[in-house]
Amino acid sequence: MTSIKVNLGEREYAVHIGKGLLGDADKFFNLKRKVFILTDSGVPCEYAKAVAKLCESSVIYTVNEGEGSKSISALENVLKAMMSFEMSRKDALVCVGGGVVGDLGGFAASVYMRGIEFYNVPTTLLAAVDSSVGGKTAVNLGNTKNIVGAFYQPRGVIIDTDTLKTLPKRHISAGIAEAIKMSLTSDKALFEFFEKNDFSEDSYEKIITEAVKIKKAVVEKDEKESGLRKILNFGHTLGHGIEADGGLSELYHGECVALGMLPVCSDAVRERLIPILKKASLPTEYKKNIDSALTYIVHDKKATCDGIDTVIVNEIGNAEIRKIGFSDFSMLVKKIFS
Ligand SMILES: NC(=O)c1ccc[n+]([C@@H]2O[C@H](COP(=O)([O-])OP(=O)(O)OC[C@H]3O[C@@H](n4cnc5c(N)ncnc54)[C@H](O)[C@@H]3O)[C@@H](O)[C@H]2O)c1
Ligand SMILES: [Zn+2]
């Protein structure tokens, strides 16, 4: 087992990574209170039940699987269920699932009675490498991603790599996309690891550990994304546009990020990136007309009237943030996807 501490003063917490950790959740989380366990219908139910077994008083609440559950109406239902369970400010919520459950549950915890404690048990590779750490929580409004949310840190995170055994391959690939993103902006050695190795099950623990280390370092320096943390949005401006264009359901988030990285890196970086994306069975071509995806970018949180904060990688392991006008951004994109 590897434990990584996210040092954020009074909001610090540990991320535990290893095999079979789910059965020990009570060693890492304070479950001696009312515990609201949030999961979704696609997550094998034994994971939530394993946590419930360790609680004195718990309820398992299951939302529909998929991005559609990151909505105001799903949030309302979760909050109503928390209220029916008569949770007080001292009780806790545990998210057992992927990024959808983590983003929805984290946000529900942040607003219920002005904030109760929550824990993350990510069961997708994407949530393990990225969304379960760092405290970004949110729901979508219409097709606009993450526009209603809060920075709200979990009290602890357990990543049980055994849970990834049931995750479909395509979702494994989507998670790898976020890890590739982090290597490109921050860790040349990890990028080279991706170049040299296959994405086999044996490599998941290393990939998760390295990605969490990168994320922790960035979040510790800039918890609320006033500067450095923006680099984690690499590939996400166009990625969110593509995601919205598909009605938030056609391509997975990680697949959209894979495509979104291609126009915002140098030719030399792209030449090395494409073979890795292909090896991870991630898309490198966009089959639809890109103009439609571009129209959604105007609503992106990174876009202001004087341009889009764009993360660019010209050299592996280094990112820079540049403000680019919408038409220049469109040109970069169209050069790759025309
Ligand atoms: N908060 C952040 O910092 C952050 C970072 C990256 C992504 N995100 C968000 O994360 C979301 C995507 O997360 P995701 O890719 O985990 O998607 P997801 O939560 O929808 O999970 C993918 C699918 O896998 C199923 N599943 C989950 N665990 C499983 C398991 N162990 N075995 C079998 N099936 C399982 C789920 O039911 C779902 O159908 C997006 O909404 C994205 O915006 C947030
Ligand atoms: Zn992402």
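Up top is the structure these notes are about.
Quick summary incoming for the structure in this document. Quantities reported herein were computed from a predicted structural model and do not represent experimental measurements. (Residues numbered from 1 in each chain as written. Chains lettered and ligands numbered in written order. Predicted model: local features only at pLDDT ≥ 70, side-chain atom pairs only at ≥ 80, totals over all residues. Heavy atoms only, no water.)

As for the environment of Pro275
When you line up the elements, Pro275 lands in helix H11 (residues 267-279). Using a relative accessible area of 46% as the deciding quantity, one classes Pro275 as partly exposed. It is 23 Å that separates the C-alpha atoms of Pro275 and Ile214, two residues lying 61 residues apart in sequence. (Helix = DSSP H or I, 4+ residues; strand = E, 2+ residues; numbered from the N terminus. Buried < 20%, exposed > 50% of the residue type's maximum accessible area, 1.4 Å probe, protein only.)

With respect to the pairing of strand E12 (residues 318-324)
Examined bridge by bridge, strand E11 (residues 307-315) and E12 share 6 bridges and lie antiparallel to one another. Along E12, the bridge assignment pairs Thr310 with Arg322. (Pairing = 2+ DSSP bridges.)

Some details on the nonpolar core
Counting residues in each nonpolar core, the largest one holds 67 residues, and the members touching the most others are Ile180 and Leu184. At 8 residues, helix H8 (residues 204-221) tops the list of elements feeding residues into this core. If sequence neighbours within four positions are ignored, Ile180 has contacts with Phe194, Met261, Leu273, Ile276, Leu277 and Leu282. One finds Leu38, Phe85, Met87 and Tyr112 within the second-largest nonpolar core, a separate group that totals 21 residues. (Core = buried A, V, L, I, M, F, W, Y, C linked by side-chain atoms within 4.5 Å. Contact = heavy atoms within 4.5 Å.)

Focus: the coordination of the zinc ion (ligand 2)
Bound to the zinc ion (ligand 2) on the protein side are Glu178 (OE), His236 (NE2) and His253 (NE2), at distances that span 1.9 to 2.1 Å. Sequence positions of the donors to the zinc ion (ligand 2) reduce to the motif E-x57-H-x16-H. Residue Glu178 is located in helix H6 (residues 169-186), and its partner His253 is located in helix H10 (residues 253-261); the two are separated by 75 residues in the primary sequence. For the pair Glu178 and His253, one class covers both residues: buried. (Donors = N, O, S within 2.8 Å, 3.2 Å for Na, K, Ca; no water.)

A closer look at the site of ligand 1
In the neighbourhood of ligand 1, 28 residues make up the surrounding shell, with Asp40, Glu65, Glu67, Thr124 and Lys145 lying closest. One nitrogen or oxygen atom from the side chain of Asp103 is found 3.0 Å from a nitrogen atom belonging to ligand 1. Here Thr163 contributes a backbone N or O atom positioned 2.9 Å from a nitrogen atom of ligand 1. When isolated, ligand 1 has an accessible area of 870 Å², and the protein chains bury 92% of it. Looking at the shell around ligand 1, the elements that each hand over two or more residues are helix H4 (99-111), helix H5 (125-131), strand E8 (144-151) and H6. Partitioning the shell around ligand 1 into residue classes produces 7 nonpolar, 11 polar and 10 charged. (Near = heavy atom within 4 Å. Polar contact = N/O pair within 3.5 Å; in protein donor to acceptor, adjacent residues only side chain to side chain. Areas by Shrake-Rupley, 256 points an atom, 1.4 Å probe, with all protein chains shown as cover. Nonpolar A, V, L, I, M, F, W, Y, C, P; charged D, E, K, R; others polar.)

Re the packing of H6 against helix H7 (residues 188-196)
A pair of packed helices is captured by two measures, namely the crossing angle of their axes and the spacing between those axes. Interaxial distance between H6 and H7 falls to 7 Å at its minimum, and their mutual angle equals 135°. Classified by the angle between their axes, H6 and H7 sit oblique to one another. The interaxial crossing formed by H6 with H7 has left-handed handedness. Residues Ala179, Ile180, Ser183, Leu184 and Ser186 of H6 form the contact with H7, whose participating residues are Lys188, Leu190, Phe191 and Phe194. For the contact of H6 with H7, a count of residues per class yields 6 nonpolar, 2 polar and 1 charged. (Axes fitted to C-alpha atoms, helices over the stretch in contact; angles between N-to-C directions. Parallel < 35°, antiparallel > 145°, perpendicular 65-115°, else oblique. Left-handed = near helix turned anticlockwise from the far one by under 90°.)

Quick word on the sheet that holds strand E3 (residues 34-40)
The 7 strands lie next to each other as E1-E2-E9-E6-E5-E3-E4, forming an open sheet whose pairing is mixed. Either end of the sheet is taken by a strand with one partner, and the two such strands are strand E1 (2-6) and strand E4 (57-63). Shown here is a sheet whose adjacent strand axes are inclined to one another by a mean of 15°, direction ignored. Sheet topology places strand E6 (residues 117-122) next to strand E9 (residues 156-160); 2 bridges connect them, and they run parallel. By the bridge assignment for E9, Asn120 is matched with Val157. Here H4 sits on the sheet in contact with E3, E4, strand E5 (92-97) and E6, set at roughly 170° to E5.

Some points on the state of the cysteines
Within the structure shown, the criterion is met by 0 disulfides. Free of any disulfide, Cys95 has its nearest cysteine sulfur in Cys55, 13 Å distant. Classification of Cys95 by relative accessible area gives buried; the value is 2%. Free of any disulfide, Cys256 has its nearest cysteine sulfur in Cys265, 17 Å distant. (Disulfide = S-S within 2.5 Å.)

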